[in-house]
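Each chain is listed here by its residues.
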Amino acid sequence: YANIPADTNRHEEGIRQLNELMRAAGGDSQQIYNLDQTRKKWNENVIEQKIRWLEEHPDDEEAKSDLAWCYLENNINDKAIELANSIDPEKSDKFNYYNLMSNIAFITEDYDKVQSNLDSLIEVIKGLPEDSEENIKRKKRLGEMYGRKGYYYYHVKKLDEAMAAYEEALANASDKSDILTQ
C-alpha cells in the first residue's frame, strides 16, 4: 500500500504512510527496521526534490522544515541542525517548527531548549481548533508530546516531573501503548 505513492513519485505521502505503519507495527523490531530502511530510501528522493525546490525558493520555510526532517530521519544530523537553525519561526507552521526544534535540541543536548520547545509545542497543540483533518491529527498527538516531555525529564533526572508528564501523557494519549513503551 505505501509503495504506491513512492512508485508514483509522491514520496512524502509514502513516508507519512510508512510512519503510520511503523507505529502500527508495535514491537516487531524487524518490521520496523524494514520500514525504516524503506523510508530512508524514499527520503533520499525527497531530499533531492527539496534541495532543487529551495534553490529556486530559498525563503520557503515549509520546504526547509520538510528537508530538515528528512535529514534527521536519515541521520544526516549536521545538515538537519544547520537547516533547522535557518528557519524563521515567525514564518513557519508553529506545530512543525516546535516539533522539529525539540528534536534538534535533543540531538544537540541543549536541554533548556528541549523543554522550552516541548512546552511551546504542547501549548500550540492545546490551542488548535478542530477545524481540519490535519489539526485533529495533531491534537491526537498531545499525549505523545507529554510522553516526550516525560522522557526529557527522565533523561535529566527529574523523576517527579517525569512521572507527572507521563501521567499527563496517559491521560491525553490516543494510543496508550506508545506512552507505556517510552
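Owing to the predicted nature of the structure, the values given are computational and were not obtained by experimental measurement.

> Looking at this structure, how should I read the overall build of the protein chain?
The number of helices and strands found in the protein chain is 11 helices and zero strands. Along the chain direction, N to C, the helices and strands of the protein chain fall in the order α-α-α-α-α-α-α-α-α-α-α. At a minimum sequence separation of 6, the contacts of the protein chain that also span at least 24 residues come to 48%. Taken as a whole, the protein chain presents about 10700 Å² of accessible surface, with 47% of it coming from carbon and sulfur.

> Where do I start with the environment of E61 in this structure?
With respect to the helices, strands and loops of the structure, E61 is situated in helix α4 (residues 61-73). Along the chain, E61 and D93 lie 32 residues apart, while their C-alpha atoms are 8.4 Å from each other. Within the structure, the side chain of E61 is placed 2.8 Å from the backbone nitrogen of D88, a separation counted as a polar contact.

> Is there a simple way to think about the packing of helix α6 (residues 94-108) against helix α9 (residues 142-155) in this case?
To describe two helices that pack against each other, one gives the angle between their axes and the distance between the axes. Close contact between α6 and α9 brings their axes to 13 Å; oriented N to C, the two are set at 20 degrees. Relative to α9, the element α6 is oriented roughly parallel. In the packing of α6 onto α9, the handedness of the crossing is left-handed. The segment α6 lies against α9, with N99, S102, N103 and F106 engaging M145, R148, Y151 and Y152.

> Help me understand the pattern of salt bridges, please; the structure alone is not making it clear to me.
Pairs may arise between side chains of opposite charge once their charged atoms sit close together. Following the criterion strictly, the structure yields eight salt bridges and no others. A salt bridge links K113 to D110; the nearest nitrogen and oxygen atoms lie 3.9 Å apart. Three or more residues joined by partner-sharing salt bridges are found here, namely D93, E134 and R138.

> Please clarify how the side chain of K50 should be interpreted in this entry.
Inspection of the secondary structure puts K50 in helix α3 (residues 29-56). Within polar-contact distance, the side chain of K50 engages the side chain of D66 at 3.2 Å.

> Would you mind going over the side chain of E61 with me for this structure?
A residue is classified by how much of its surface remains accessible, and E61, at 8% relative accessible area, is buried. Residue contacts for E61: discarding those within four places in its chain leaves S86, I87, D88, K91 and S92.

> Would you mind showing me how to read the packing of aromatic side chains here?
Evaluation of the coordinates by the stated rule reveals four aromatic pairs. Measuring from centroid to centroid gives 5.3 Å for Y97 and Y98, while their planes differ by 75 degrees, and the two rings are edge-to-face. Judged by its relative accessible area of 13%, Y97 falls in the buried class. Within the aromatic cluster, the residues linked to one another by ring pairs are Y111, Y152 and Y153.

> I would appreciate a short explanation of the nonpolar core in the present structure.
Across soluble globular proteins, you tend to see nonpolar side chains buried next to one another. With 18 residues, the main nonpolar core has L67, Y71, L100 and I104 as its most contacted residues. Those elements giving two or more residues to this core turn out to be α3, α4, α5 (77-85) and α6. Residue contributions to this core peak at six residues, all from α4. Residues within four places of L67 in sequence aside, it is in contact with I47, K50, I51, L54 and L83.

Rules used in this analysis
Residues numbered from 1 in each chain as written. Predicted model: local features only at pLDDT ≥ 70, side-chain atom pairs only at ≥ 80, totals over all residues. Heavy atoms only, no water. Helix = DSSP H or I, 4+ residues; strand = E, 2+ residues; numbered from the N terminus. Contact = heavy atoms within 4.5 Å. Areas by Shrake-Rupley, 256 points an atom, 1.4 Å probe, with all protein chains shown as cover. Polar contact = N/O pair within 3.5 Å; in protein donor to acceptor, adjacent residues only side chain to side chain. Axes fitted to C-alpha atoms, helices over the stretch in contact; angles between N-to-C directions. Parallel < 35°, antiparallel > 145°, perpendicular 65-115°, else oblique. Left-handed = near helix turned anticlockwise from the far one by under 90°. Salt bridge = Lys/Arg side-chain N within 4 Å of Asp/Glu carboxyl O. Buried < 20%, exposed > 50% of the residue type's maximum accessible area, 1.4 Å probe, protein only. Phe/Tyr/Trp six-rings, centres within 6.5 Å; stacked < 30°, edge-to-face > 60°. Core = buried A, V, L, I, M, F, W, Y, C linked by side-chain atoms within 4.5 Å.

In short, geometric facts, not functional conclusions.
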